[in-house]
Amino acid sequence: MWIEQLDQGMMRIPFELVPLDEVVPWGERSALHWFGLTQGWYGLEVGGVELLRYTEQTLAWTRENPAAEPPWVDYYVVRLWEDLLDVLPSALEPVPDDLAKFFAAGAEGWVVDAGDPDALDDSAVAAWEAYNLRWTDTSYLRFGPGFRWWRTLSPEDTVTVAWRFTPDPDGEITFSAPLSGRRTVSTQEFVAAVTDFDHRLLQAMQKRVDHLAAAGGAPGIELDIPGLIREQAQRRTWLRRASARHDDTDWAAVRAGAAILAPHLA
């Protein structure tokens, strides 16, 4: 039985990798690579809400033995890691106080359709781009949520995540979290959670790489051991490089564009 105790205001990214001998190789050649070796389950817990946890009903419908597996989404754990590192520089760039409402509100409320950026003027494009740089998509999951992350400095230095699910019309895939909402954590907590996730995933993958290298591969599976070792070393640099990147947003342009896209929030 998988039982987790959650604290308000905390952020955590739990995961578990599929046992190495149960990882499913790719394609007709039964090949495996670094990405595929991260097959597993992962969650995202923010402010007491488990955003990637399936309901008991969905687990009963989709898994042979729900009690034997974590209740989180099942995919390649590295995908969430890549998405978080990709959004990190934008999520850590503070949003001016007067634009906080624009980033907090969903694009569904915009009075101008941003679906075709070529039809927008430069300032609206700037606002649209700043908004989307703070977006994390999980369309690789069935009916997974979309996330938006933004940082504000007043009254405290915090990062907020807002989420929205697209409901499954058949009701088969459902999550324990509300269909939409938001939670806020301190910026320090956000950075610590991403850093901890990075360290734990890369430590777990180092064990896999070392085991496969020592064994000379896996029976019946095409595997590039030297390439695997190189990729492990290279991915260890990703967090450092993401942390070193800094957005330099033209907030005057975003402010003008926000007034076009969502004048009711000005």
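Refer to the structure presented above.
An account of the accompanying structure is given in this report. These numbers come from a predicted model, not from an experiment.

1. A few points about the overall build of the protein chain
When you go through the protein chain residue by residue, the secondary structure sums to 8 helices and 12 strands. Its C-alpha atoms give the protein chain a radius of gyration of 20 Å, within 12% of the compact-globule value 18 Å for 266 residues. C-alpha atoms of the protein chain, sized along the principal axes, occupy 60 × 40 × 35 Å. By the burial criterion, 47% of the 266 residues in the protein chain qualify as buried.

2. Topic: the nonpolar core
If you look at the biggest cluster of nonpolar residues, it comprises 57 residues, and the most contacted ones within it are Met-11, Tyr-42, Leu-44, Trp-149 and Phe-190. When sequence neighbours within four positions are dropped, the list of residues in contact with Trp-149 reads Met-11, Leu-44, Leu-84, Val-87, Ala-91, Arg-134, Thr-136, Val-159, Thr-160, Val-161 and Phe-190. Grouped together as the second largest cluster of nonpolar side chains are 21 residues, Ala-104, Tyr-131, Trp-251 and Leu-261 included.

3. Quick word on the sheet that holds strand β9 (residues 146–152)
Here 4 strands make up an open sheet; going across it, the order is β8-β9-β10-β11 and the pairing antiparallel. Looking at which strands have only one partner, the edges of the open sheet turn out to be β8 (135–136) and β11 (180–186). Direction of pairing for strand β10 (residues 158–164) relative to β11: antiparallel, over a ladder of 7 bridges. Residue pairing across strands places Val-161 opposite Arg-183, the latter belonging to β11. Lying on the sheet, helix α2 (residues 77–92) is in contact with β8, β9 and β10; it crosses β9 at an angle near 35°.

4. A word on the layout of surface pockets
Considered as a void within the structure, the largest pocket measures approximately 250 Å³ in volume. Lining of the largest pocket is provided by 17 residues; of these, Gly-106, Glu-108, Tyr-131, Trp-135 and Arg-148 occupy positions nearest its centre. Among the elements of the structure, α4 (122–132), β9, β10 and β11 are those that each provide at least two residues to the lining of the largest pocket.

5. Section: the environment of Leu-17
Looking at the secondary structure, you find Leu-17 in strand β2 (residues 15–17). The sequence separation of Leu-17 and Leu-223 amounts to 206 residues, and the corresponding C-alpha distance is 18 Å. Those residues in contact with Leu-17 that sit more than four places away from it in its chain are Thr-38, Gln-39, Gly-40, Trp-41, Val-77, Leu-201, Ala-204, Met-205 and Arg-208.

6. Topic: the packing of aromatic side chains
Within a pair of aromatic rings, the relevant descriptors are the distance that separates the centres and the angle that separates the planes. Using the criterion set out here, one finds 18 aromatic pairs in the structure. Considering the side-chain rings of Tyr-54 and Phe-175, the 4.9 Å spacing of their centres and the 35° angle between planes classify their relative orientation as tilted. Taken together, the residues Tyr-54 in the loop between β6 (49–50) and α1 (56–62) and Phe-175 in the loop between β10 and β11 connect sequence positions 121 residues apart. Look at Tyr-54 and you get buried, because its relative accessible area is 9%. Given the relative accessible area of 9%, Phe-175 is considered buried. With centroids separated by 5.5 Å and ring planes inclined at 45°, the aromatic side chains of Trp-149 and Phe-190 adopt a geometry described as tilted. Of this pair, Trp-149 sits in strand β9 while Phe-190 sits in helix α5 (residues 187–215), and the two are 41 residues apart along the sequence. Residue class for Trp-149 comes out buried when judged on its relative accessible area of 1%. Residue Phe-190 is classed as buried on the basis of its relative accessible area, which comes to 1%.

7. A short note on the sheet that holds β2
Strand order in this open sheet of 3 strands is β2-β4-β7, and the pairing throughout is antiparallel. The two strands at the open ends of the sheet, each matched to only one other strand, are β2 and β7 (73–76). Taken pair by pair, the neighbouring strands of this sheet meet at an average axis angle of 30°, ignoring direction. Packing of α2 onto the sheet brings it into contact with β2, β4 (39–42) and β7, and relative to β7 it is tilted by some 80°.

8. Side note on the pairing of β10
Within β10, 6 of the 7 residues are buried, leaving the element largely enclosed by the surrounding structure. Sheet analysis places β9 next to β10, joined by 7 bridges and oriented antiparallel. Bridging from a neighbouring strand, Gly-146 pairs with Arg-164 of β10. Hairpin connection of β9 to β10: 5 residues between the antiparallel strands.

Each value, and the rule that gives it
In this convention, every chain numbers its residues from 1, walking through the sequence in written order. It should be noted that, the model being predicted, local features are given only for residues of pLDDT at least 70 and side-chain atom pairs only at 80 or more, the latter also being counted only at that level, while totals for whole chains, interfaces and linings use all residues. To get the side-chain values, all heavy atoms of the structure are used, and hydrogens and water are removed first. Under the DSSP-based scheme used, a helix requires at least four consecutive residues in state H or I and a strand at least two consecutive residues in state E, with every element numbered from the N terminus. Here the radius of gyration uses the C-alpha set of atoms, whereas the globule reference equals 2.2 Å times the residue count to the power 0.38. Three exposure classes are used, based on accessible area relative to the maximum for each residue type with a 1.4 Å probe and protein chains only: buried under 20%, partly exposed in between, and exposed over 50%. Here, nonpolar core refers to any group of buried Ala, Val, Leu, Ile, Met, Phe, Trp, Tyr and Cys residues whose side-chain atoms link them within 4.5 Å. Contacts between residues were defined by any pair of non-hydrogen atoms, one from each residue, lying within 4.5 Å. Being paired, for any two strands, means DSSP has found at least two bridges between them. Here an angle of 0 to 180 degrees is reported between the N-to-C directions of two axes, which are lines fitted to C-alpha atoms, with helices fitted over the stretch in contact. A 1.4 Å probe that fits into a set of points on a 1 Å grid over the protein atoms alone but cannot get out defines a cavity; an open set with protein on both sides within 12 Å along at least five of seven lines defines a pocket, and lining residues are those with an atom within 4 Å of a point. Grid points are joined across faces, edges and corners, and a volume is the space filled by probe spheres set on the points. Working definition: a ring pair exists when centres of Phe, Tyr or Trp rings (six-membered ring for Trp) sit within 6.5 Å. Plane angles under 30 degrees give stacked, over 60 give edge-to-face, the rest tilted.

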